[in-house]
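Residue-level structural notes
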Amino acid sequence: MPTAAGAAPAAATVRVGSTIVDVAAAASWKPETWESEFRYLQEAGLTELVLSSALTKNDATGTTTAYYPAGIANVTRATGPDGTPVDVVALTLRQARKYGMKVWLGTYTDGKSWFTYDDKTGASRAKANQAITQTVMGELDRKYGSYKDVVRGWYLSSEISSHWAWFWTARAALTQYYKDLTGTARTLTLTQRTMIAPFYNVHALPSPDLWRDLWVPALTAATVDVVALQDGTGDVIDEKGKPILLTPAEERRHLETKYQATRAAIDKANASRGVTGKPDATVLWADLEFYNSTGWPKPIGDIASVVETIRNDVTGYTSWSFTHQTSPNSTNKGIYHRPFVTWNTTGTLPAAPVQTPPGLTTTSTGVSWQPSQPAPGNALSHYRISTSGNVLLDLVYDKLTFDTNQPCVKIEAVDTIGNRSGTATNCTS
């Protein structure tokens, strides 16, 4: 059961202290969900929330949804579970104050990525995004001034991806964009701090020097407080948008590449601004993904592995997303919650046996097996499959179909902690 309000774990023991809260999901919460969710957040040791955005444009439909009483024209107000307009910003701030938490206020999201692939409209879209974001920041600053004790900073919600890093016009537009927005933040009273969460896809941009060179001028011109780089382990795609499944060694290499390149950019920018080691220096956080490359929740041991890989490069962590993947209010019914709480507040990952997948059967169209059983009190996360082509898959189902007969398949069961079973295989050598 969750702890009572005010009974959070000691901050010194917490590994990940922050999580992004999806504003659209929060809009659907009932009053009892708001209460229980914050208790679960507190039990897990989370002390800061990042509200994903206050105004969101859907690029597919062209509609813009406001999650607060916006004065902006041509927007639709989000509605709650009873069908009436809902103020997610106010609800979040109120609950955060009650549970002693801080909030980074999300601003405006113009789709997920707002530089086009050919970069022809990058500068104009950045300028339009900037204008709306500034309006949202001004409105939030005026409407929620009574929550100054709760608000930690502004989250500049639009994500920047490495797909556009090699275009010089994108770099110029990005520099001006962040310079103007951080300048706006410095004029507001609610908070003057800013956070961004870019995404570096190593497959899309193999040269880390290009990524570094994209950010040095932007972070030199703009006083961004926190760069929360997405770890990218749950959404790795190639230059054509096709998902890529990484081996553990490849994942470590990608993490080291992207975090070291970003840290190098931050260090150079801080040195150029003369703020190295000072309170107004930019710091690097990790935005950890709590799901894997197939979209399923990530075993807690996998999260711990990412934290260990990048711990010397970052000074803090946020995450996507406790409420989606780990909370007992999620569709996963909390099977990842207890392992996460244990690891995040104590640093331990209890070892436990997992049954080797029994009854492996091979046909001309695939393989199937019987469900594995984890140790009592634990839950199964997924099955990790290696085929003869050395392709790695994570499946929650107990069968795998393919177009041609595979001469060799290896299957492991993985529990929500990250413990693995022995290997079931039809390999003959």
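Residues numbered from 1 in each chain as written. Predicted model: local features only at pLDDT ≥ 70, side-chain atom pairs only at ≥ 80, totals over all residues. Heavy atoms only, no water.

Some words on the sheet that holds strand E7 (residues 108-110)
Using the following cut-off: In this description, strands pair whenever DSSP reports at least two bridges between them. Helix numbers and strand numbers start at the N terminus; a helix is a DSSP run of H or I with at least 4 residues, a strand a run of E with at least 2. Contacts between residues were defined by any pair of non-hydrogen atoms, one from each residue, lying within 4.5 Å. The convention used is that axes are lines fitted to C-alpha atoms, helices contributing only their stretch in contact, and that angles between N-to-C directions extend from 0 to 180 degrees.
Spatial ordering of the open sheet is given by E5-E4-E3-E7, a layout of four strands whose pairing is mixed. The sheet is open, and its two edges are formed by strand E5 (76-77) and E7, each paired on a single side. Packing of helix H4 (residues 122-143) onto the sheet brings it into contact with strand E3 (55-57) and E7, and relative to E7 it is tilted by some 155°.

Some points on the packing of helix H7 (residues 248-273) against helix H8 (residues 300-310)
Quick note on the threshold: These descriptions rest on fixed angle ranges, namely under 35 degrees for roughly parallel, over 145 for roughly antiparallel, 65 to 115 for roughly perpendicular, and the rest for oblique. Crossing handedness is read from the near helix: turned anticlockwise from the far helix by less than a right angle, it gives a left-handed crossing, and turned clockwise, a right-handed one. Each residue gets one of three labels, nonpolar for Ala, Val, Leu, Ile, Met, Phe, Trp, Tyr, Cys and Pro, charged for Asp, Glu, Lys and Arg, and polar for the others, Gly among them.
Two elements in contact, H7 and H8, have axes separated by 10 Å at closest approach and are oriented at 45°. Relative to H8, the element H7 is oriented oblique. Taken as a pair, H7 and H8 cross one another with a handedness that is right-handed. In this structure, H7 contributes Glu251, Arg252, Leu255, Glu256 and Tyr259 to the contact, and H8 contributes Val306, Thr309 and Ile310. Classifying every residue of the contact of H7 with H8 by side-chain character gives four nonpolar, one polar and three charged.

A short note on the nonpolar core
Quick note on the threshold: Only buried residues count toward a nonpolar core, which is a set of Ala, Val, Leu, Ile, Met, Phe, Trp, Tyr and Cys residues joined through side-chain atoms within 4.5 Å. Residue exposure (1.4 Å probe, protein chains only): buried if accessible area is under 20% of the type maximum, exposed if over 50%, otherwise partly exposed.
By size, the foremost hydrophobic cluster in this structure holds 87 residues, and its most contacted members are Trp215 and Leu288. If we skip the residues at most four places from it in the chain, Leu288 touches Val16, Asp231, Ile303, Val306, Val307, Ile310, Tyr317, Thr318, Ser319 and Trp320. By size, the runner-up hydrophobic cluster in this structure holds 10 residues, among which are Ile385, Leu395, Leu400 and Val409.

Overview of the pattern of salt bridges
To keep it simple, the criterion reads: In what follows, salt bridge is the name for a side-chain nitrogen of Lys or Arg lying within 4 Å of a carboxyl oxygen of Asp or Glu.
For the structure shown, the criterion picks out 15 salt bridges. For Asp180, the salt bridge identified is with Lys127, shortest N-O distance 3.8 Å. In this pair, Asp180 sits in helix H5 (residues 168-185) while Lys127 sits in helix H4, placing the two residues 53 residues apart along the sequence. In this structure, Asp313 engages Arg263 in a salt bridge whose closest nitrogen and oxygen atoms are separated by 2.9 Å. With Asp313 in the loop between H8 and strand E12 (316-320) and Arg263 in helix H7, this pair connects stretches of sequence that are 50 residues apart.

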